[in-house]
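Chains, contacts and geometry: an overview
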Amino acid sequence: MRPISYENWYNDDKVYDACGLIGVMDVTGERFSGHDIVKGIVNMTERGNGLGSGFAAYGCYPEHADCYALHVMYTESESRPQVEALINESFILVHDEEVPHNPTPGLHHPPLIWRYFVRVDESDPNRDPQDESEYVVSKVMAVNTAGLGAYIYGSGKDVGVFKGVGHPEQIAEFFGIPEYDAYIWTAHNRFPTNTPGWWGGAHPFALLDWTVVHNGEVSSYGTNRRYLEMQGYHCTMHTDTEVMAYAADLLMRRHNLPVEVAAKVMAPPLWVEIERMPAQEGQLCRTLRQVYSSLLVNGPFTIIVARQGEMIGLTDRIRLRPLTAATQGNRLYLASEEAPIRLISPQLSRVWTPVGGEPVIGRLGMSLDREDASPQSRTAQPRQAHALAPVG
Amino acid sequence: MAEVTSALEIDASSLHYRELNARLREAVRDGVGRVDLHNVYGQRYLGTDLHRPIEIHIHGTPGNDLASFMDGPHIVVHGNAQDGCGNTMNSGEVVIHGRAGDATGHSMRGGKIFVRDDVGYRVAIHMKEYEEQRPAVVIGGTAQHFLGEYMAGGVLVVLGLTLRPGERHIANFIGTGMHGGVMYIRGELADYQLGKEVGSVPLEDDDRHLLEGLVGEYADHFGGDPAAILSQPFTKLVPLSLRPYGQLYAY
């Protein structure tokens, strides 16, 4: 190929960016390599700037599936003995190891990253046996607020969280993402705007088995954070997205709200829309806005939230950030753009733009080939077909 | 459309958008009549900064801001387009054999965009016109919210051909902040779907003439019977004020 001369009067050095998101779920629970998700997120290279990328993998630790996988990032490696002592006195340690990684050109000063597969001692008389999740949350918060330069940034059963400062292809190479198999994968390519690009500030943000990847800005961060602190959640990662992970945990685990209702808390319908709703639905939305006004997430956002058995895409109510959804076979795809989905799966049975504030929900055991899922469908979304099935 | 004097095939699979656009500039300079881009996966700004007629066929999924600032070429997308297609486009034509994303026709100043199926949010946002420059966006399917937001000129047509019998357009806040141009929407709209700044007025002969032309072109591109499409009633929307926010910050 002969050399190309640029005849560009306008000099397109100015590149417009935003974060990039992608999530892929196999609704039968079949696990697949991280190869595809890497291909997808790398395709959206324009959306990031090298200051953060990360991956979440569900079902990637089958040998320790019943253990909480505590992923710990040590920005100060000398604090490791102290943190390990805390882990040992709080949990039964089944296995621990440094998270395997490869030397990767261009990655600077990666922190020490370790993972601990732990169980909660069921015979501990000092602990409420009904509330194992609360116990784990309290221990995560205790470590993260201890000022040790150590952060538990992943704490789910059979959930891997891999993230750092770098381009997606670098973070993927560093952690060897294609070597893991999972049935839900989410990934993020970061273009930080208001908060620093550091290893802990890369997405996904996680607590228990919740993970969140996010494109946008949480203008209501202060309000959301103060409310969550009253509920025992402490923000330590210096990034707005963190409140989304804790809000998901509070609303859907602790308060046991269905996803559809939690979505109406975080991205509530506008008052003019509520006025037009049938009486009962309008009353529900009004009540949610009153009870959870401090968890309304204001500002432009698209998120992909996941937990065991479920992957959810949601945008703000007036859709100021992009999200494309698609299905093919047993796979549900969510991404900031269509191209990365096509790169993974050139054939798609449906592609659509979800309506702002209405969640797209993928669940284990659901069917993606329902009658209302025609290619023309604009608002039809995968909906619950079966109750949440256990994974294992 | 340029007469095809020579043709060029480009495999885009390993090319960054800058390389791809450089190749397109080169093709225009060399007087190539038709370029086929294969394996396009998300490369942005395709067709930008091209100032002469050329026919570009895109096979795959072009990235955001397709045809942005484009001035003359004719682009055919054999697939779907993403967000911001036709951003500030000056002249030429984009024909999309599929759907398109948010903000299609964003700030467009001239030329035409035809989308066979549906589009996302904020289509034709701040589209504008000046003297002979009058852009047109024709959507075969339906659109999502904030259709024609802050529209300042040009023609926006929504045909609703993908709606099933009895199904209505879902778009709300249509024409919010609109202060120029005209919208024609085939199918019924409720009052609440309209932004505060637009009103519905009856169609006149000039409107029908304009629609006949655009619907005819749509059918030439994608098939369909123009007479059948035109036989259904259209809603014509125009701005109620040329300066809707003139008093917003003045007391």
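Residues numbered from 1 in each chain as written. Chains lettered and ligands numbered in written order. Predicted model: local features only at pLDDT ≥ 70, side-chain atom pairs only at ≥ 80, totals over all residues. Heavy atoms only, no water.

**Observations concerning unusual backbone geometry**
Which entries qualify depends on this criterion: Strands are runs of DSSP state E lasting at least 2 residues, helices are runs of H or I lasting at least 4, and numbering of each runs from the N terminus. Partly exposed describes any residue whose relative accessible area lies between the buried limit of under 20% and the exposed limit of over 50%, with all areas from a 1.4 Å probe on protein chains only and scaled to the type maximum.
Along the chain, His-203 of chain A connects to Pro-204 of chain A via a cis peptide bond; the corresponding omega equals 5°. Structurally, Pro-204 of chain A is set in the loop between β10 (184-189) and β11 (205-207). Unlike most non-glycine residues, His-109 of chain A shows phi in positive territory, near 50°. Relative to the helices and strands, His-109 of chain A resides in the loop between β5 (92-98) and β6 (112-119). By relative accessible area, which is 76% here, His-109 of chain A ends up exposed. In this structure, Ser-107 of chain B is a non-glycine residue whose phi angle is positive, near 55°. Checked against the element boundaries, Ser-107 of chain B lands in the loop between β5 (91-96) and β6 (112-115).

**Topic: the confidence of the model for chain B**
Condition: You can read pLDDT as the predictor saying how much it trusts each residue, on a scale of 0 to 100.
Mean pLDDT over chain B works out to 95, with 97% of the residues at or above the 70 mark. The ipTM value of the predicted complex is 0.94, and its pTM value is 0.92.

**Things to note about the pairing of strand β2 (residues 34-41) of chain B**
All names here are of chain B. For clarity, the cut-off: DSSP-based pairing: two strands are paired if at least 2 bridges between them are found. Classification remark: right-handed applies to a crossover when, strands pointing away from the viewer, the course from the first strand over the helix to the second runs clockwise.
Two strands pair when backbone bridges link them, and strand β1 (residues 7-11) and β2 are joined in this way by five bridges, in the parallel orientation. Of the residues in β2, the one forming a bridge with Asp-11 is His-38. The handedness of the β1 to β2 crossover, carried by helix α1 (residues 17-29), is right-handed. Direction of pairing for β2 relative to strand β3 (residues 55-61): parallel, over a ladder of six bridges. Of the residues in β3, the one forming a bridge with Leu-37 is Ile-58.

**Comments concerning the sheet that holds β10 of chain A**
Residues and elements named next belong to chain A. What counts here: Convention adopted: a line fitted to C-alpha atoms gives each axis, helices being fitted over their contacting stretch, and angles between N-to-C directions are expressed from 0 to 180 degrees. In what follows, a contact means two residues having at least one pair of non-hydrogen atoms within 4.5 Å.
Spatial strand order, β8-β3-β10-β1-β16-β15-β17: seven strands in an open sheet with antiparallel pairing. Sheet topology places β8 (159-164) and β17 (350-352) at the edges, where each strand pairs with a single neighbour. Along the sheet, successive strands turn relative to each other by an average axial angle of 10°, direction set aside. In terms of strand pairing, strand β1 (residues 20-26) meets β10 through six bridges, oriented antiparallel. Opposite Ile-22, over in β10, you have Ala-187 as the bridge partner. Taken strand by strand, helix α1 (residues 35-43) contacts β1, β3 (53-58), β10 and β16 (331-335), and its axis lies near 155° from that of β1. Of the strands in this sheet, β3, β8 and β10 are in contact with helix α4 (residues 168-175), which crosses β3 at around 50°.

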